[in-house]
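Summary of structural features
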Amino acid sequence: MQNALSLHHELSKIFAMRKLSTLFSLLLFLSFNFAFGQKSKSSNPAPPKAAKIVKSTIAKKAAVSTAHPEATKVGLDILKKGGNAVDAAVAIQLALAVVYPRAGNIGGGGFMVLRKSDGSVFTYDYRERAPGMASKDMYIDTLGNPIPKLSVSGHLAAGVPGTIDGLITTHMKHGKLEFKELVQPAIDLAKKGFYLTEKDAAVLNKHMEDMKKYSLGRVAFYKGKKEKWAKKDILVQRELGNTLKRIKDFGRAGFYEGETAQMIVEDMKVGGGIISLEDLASYKTVERAALEFDYKDYHIISMGPPSSGGICLAQILQMVEEHGLDKMKFHSREAVHLMVEAERRAYSDRATHLGDPDFWTIPNFLVNKKYLAHRMKDFNAEESSSSRKMAGGEWNESPETTHLSVVDEEGNAVAVTTTLNSNFGCKVVVNGAGFLLNNEMDDFSVKPGVPNQFGLVGNEANEIKPGKRMLSSMTPTIVTKNGKLFMVLGTPGGATIITSVFQVIVNVVDFKMTLKKAVEAPRFHHQWLPNKLFIEEKGLPEDVIKKLEEMGHEVEVREPIGLMDAIMVRPDGKLEAVGDIRGDDTALGY
Ligand code: DON
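This section reports on the structure supplied with the text. (Residues numbered from 1 in each chain as written. Predicted model: local features only at pLDDT ≥ 70, side-chain atom pairs only at ≥ 80, totals over all residues. Heavy atoms only, no water.)

So, the sheet that holds strand S16 (residues 555-558)
Operational definition: Pairs of strands are assigned from DSSP output, requiring at least two bridges between the strands. Every helix listed is a DSSP run of H or I at least four residues long, and every strand listed is a run of E at least two residues long, numbered separately from the N terminus.
With respect to topology, three strands assemble into an open sheet ordered S14-S15-S16, the strand pairing being mixed. Every interior strand has two partners, whereas the edge strands, strand S14 (524-525) and S16, have only one. Sheet topology note: the strand S15 (residues 533-536)/S16 ladder contains four bridges and is parallel. Opposite isoleucine 535, over in S16, you have valine 557 as the bridge partner.

Written out as structure tokens, the structure reads:
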């Protein structure tokens, strides 16, 4: 009896506890949904109205150009509040992580080129690094073959993110406003949501299934089975908002330590990645010497290795300089042929000589004028050169990165290019943290001579080593003339980044275009291998294409090249800011 009673007692205790725990779970569920749940129209008031897409602006004092109207607006608001160009650039990058998640990021990396109004120049490298457990053959199977997609999609494709460290480092050294103020606009955009543009909706629809597939938890970008995003839909990202709030409250530790770092590492463990707490805690932005050189009366300030951008841009501009582009007609056979032959040679050097300078010695001669004159010795004005006869590899990257340009009232200028590599990076949204991880590991050479996802063949200079940065093409660039600020520019576009920056510079300098015309002008691209001259649709006059083909160029039409966001100081001192017509890019100023 005693036993029966006590059993009954125990059972009722368990039952009562169960009821309690059910009640508790219900409460937890309700409060969780309140705090983190899917957007619900009743609990979430509509966000302020959508920012407008504006393609170009003439401004008296300050200007901003970015890939997304909401991000440009954030940058402009920061400048109007008294922030400087670095403050604006920091706030814009965080906003882009929310409104332009295909490339804007906190889970990726980038480069900043800064020129202050006193003429001082700084460049910051917050490129991703290979995790400590990475190894040369990590994407190779037992037979020595690359394992398809392993360096492209899923957790193992991610490098250790550098963006947040980069933003905090650059802000600490140069910012004026409180860091918290710069994070808040991104938090608002994430928590209150923002209205999708048509292009935002299309790119989400294209990639949301993949993001769902590779992520372990909830994916705010996933609209639902058989559902599609449409223009003016509101995208709310509460988990990302909470991560941004931790960054606002705890700074660097809000990302590289504590809850966010734990979430990343948990995700890695379950998803098969290798980023560790130690990798995150030890990530460091590097301040590097700017890559500077002259082109005619202009002084160019760009990003050095581990970006190939500055070196290749210097090579291309200095190779064409001798040959007088300004005497040639825009998009004439002569001009295009000369530009293409310089591009071919620079990209061949890139594949052979460039890698992370902390791990690989880059020869000084690459930007030496005598070497470049020698490199052009076999240039034949009448005939295409042979890429096959130049040593090296081949690649063709997809166009998903993003660039921003800012000039503030004092005349400080910032150019930032930042990326997750492919659209939405490795497609992994960190469970509970709401942000995407990069797939930058694919920018390494996975195996000498074996092309990566974009057809790139690399070598030892760019092989994988723990802690090493993968080679980049990003080319954030500032141009001065007679010691004064002249232009700020940059673009996404993988391998085409360098040739796009080159072409916009010569469009202004040699072909005397306004910045708007220079950015709008159709672009072409040659990257040594494949031995093809890529052009945009209707990119060159038919008769010029025909002549180029007769000279031995293999011309191929491809999708639009780049999304250039640039600012130029006009002769009257006003700023011309331009957002590329190829995207939602928006330029504003005052
Ligand atoms: O750093 C690089 O060069 C590449 N990860 C950039 C990729 C890119 O630009 C893709 N598209 N825009």
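Here the narrative resumes.
So, empty space enclosed by the protein
As a reminder, the rule being used: Definitions used throughout: a 1 Å grid over protein atoms alone; a cavity as a set of points that fits a 1.4 Å probe which cannot get out; a pocket as an open set with protein on both sides within 12 Å along at least five of seven lines; a lining residue as one with an atom within 4 Å of a point. Grid points are joined across faces, edges and corners, and a volume is the space filled by probe spheres set on the points. Three classes are used, and their members are as follows: Ala, Val, Leu, Ile, Met, Phe, Trp, Tyr, Cys and Pro are nonpolar, Asp, Glu, Lys and Arg are charged, and the others, Gly among them, are polar.
For the coordinates displayed, the defined rule picks out seven cavities of 30 Å³ or more. Roughly 70 Å³ of volume is contained in the second largest cavity. Partitioning the lining of the second largest cavity into residue classes produces eight nonpolar, five polar and no charged.

Quick notes on unusual backbone geometry
Put simply, the rule reads: Burial status follows relative accessibility: with a 1.4 Å probe on protein chains alone, a residue under 20% of its type maximum counts as buried, one over 50% as exposed, and anything between as partly exposed.
That bond from proline 305 to proline 306 is cis: its omega, 15°, falls within 30 degrees of zero. Note on placement: proline 306 falls in the loop between strand S9 (298-302) and helix H11 (309-321). Across the junction of leucine 529 and proline 530, the peptide omega takes the value 0°, indicating a cis bond. Note that proline 530 resides in the loop between S14 and S15. The phi angle at lysine 512 is positive, at roughly 55°, despite the residue not being glycine. Along the chain, lysine 512 falls in the loop between helix H14 (496-509) and helix H15 (515-520). Looking at lysine 512, the relative accessible area reads 65%, which means it is exposed. One non-glycine residue, lysine 538, lies in the positive phi region at around 55°. Looking at the secondary structure, you find lysine 538 in the loop between S15 and helix H16 (542-550). Of the residues examined, lysine 538 reaches a relative accessible area of 77% and is grouped as exposed.

Notes on the packing of aromatic side chains
What counts, and what does not: Only the six-membered ring of Trp is used, alongside the rings of Phe and Tyr, when aromatic pairs are assigned; centres must lie within 6.5 Å, and planes under 30 degrees apart are stacked while those over 60 apart are edge-to-face, with the rest tilted. When the NZ atom of lysine or the CZ atom of arginine is within 6 Å of a ring's centre and also within 35 degrees of its normal, the charge is said to sit over that ring.
Under the criterion given, the structure shown has seven aromatic pairs. Between phenylalanine 221 and phenylalanine 424, the aromatic rings sit 6.2 Å apart at their centres with planes inclined by 50°, giving tilted as the arrangement. Within this pair, whereas phenylalanine 221 is found in the loop between helix H6 (198-214) and strand S6 (234-235), its partner phenylalanine 424 is found in the loop between strand S11 (413-419) and strand S12 (477-481), the two being separated by 203 residues in sequence. For the pair phenylalanine 221 and phenylalanine 424, one class covers both residues: buried. Here the aromatic residues Phe255, Tyr256, Tyr283 and Phe435 are joined through ring pairs into a cluster of three or more. Over the face of the ring belonging to tyrosine 222 we find lysine 212, whose NZ or CZ atom lies 5.1 Å from the ring centre. Positioned above the aromatic ring of tyrosine 256, the side-chain terminus of arginine 252 is 4.3 Å from the ring centre.

Some words on the layout of surface pockets
The gaps left among the atoms become clear once a water-sized probe is rolled over them. In this model, the largest pocket occupies a volume close to 420 Å³. Along its surface, the largest pocket is lined by 20 residues, and Arg102, Lys199, Glu400, Leu563 and Arg582 are the ones closest to its centre. Within the lining of the largest pocket, the residues separate by chemical class into eight nonpolar, three polar and nine charged.

Observations regarding the pairing of S11
For S11, the buried fraction is high: seven of the seven residues fall into the buried class. Side chains Ala413, Ala415, Thr417 and Thr419 project from S11 onto one buried face, and the interleaved Val414, Val416 and Thr418 project onto a second face that is buried too. Here strand S10 (residues 402-407) folds back onto S11, and the loop between the two strands holds five residues, one of which, glycine 411, carries a positive phi near 95°.

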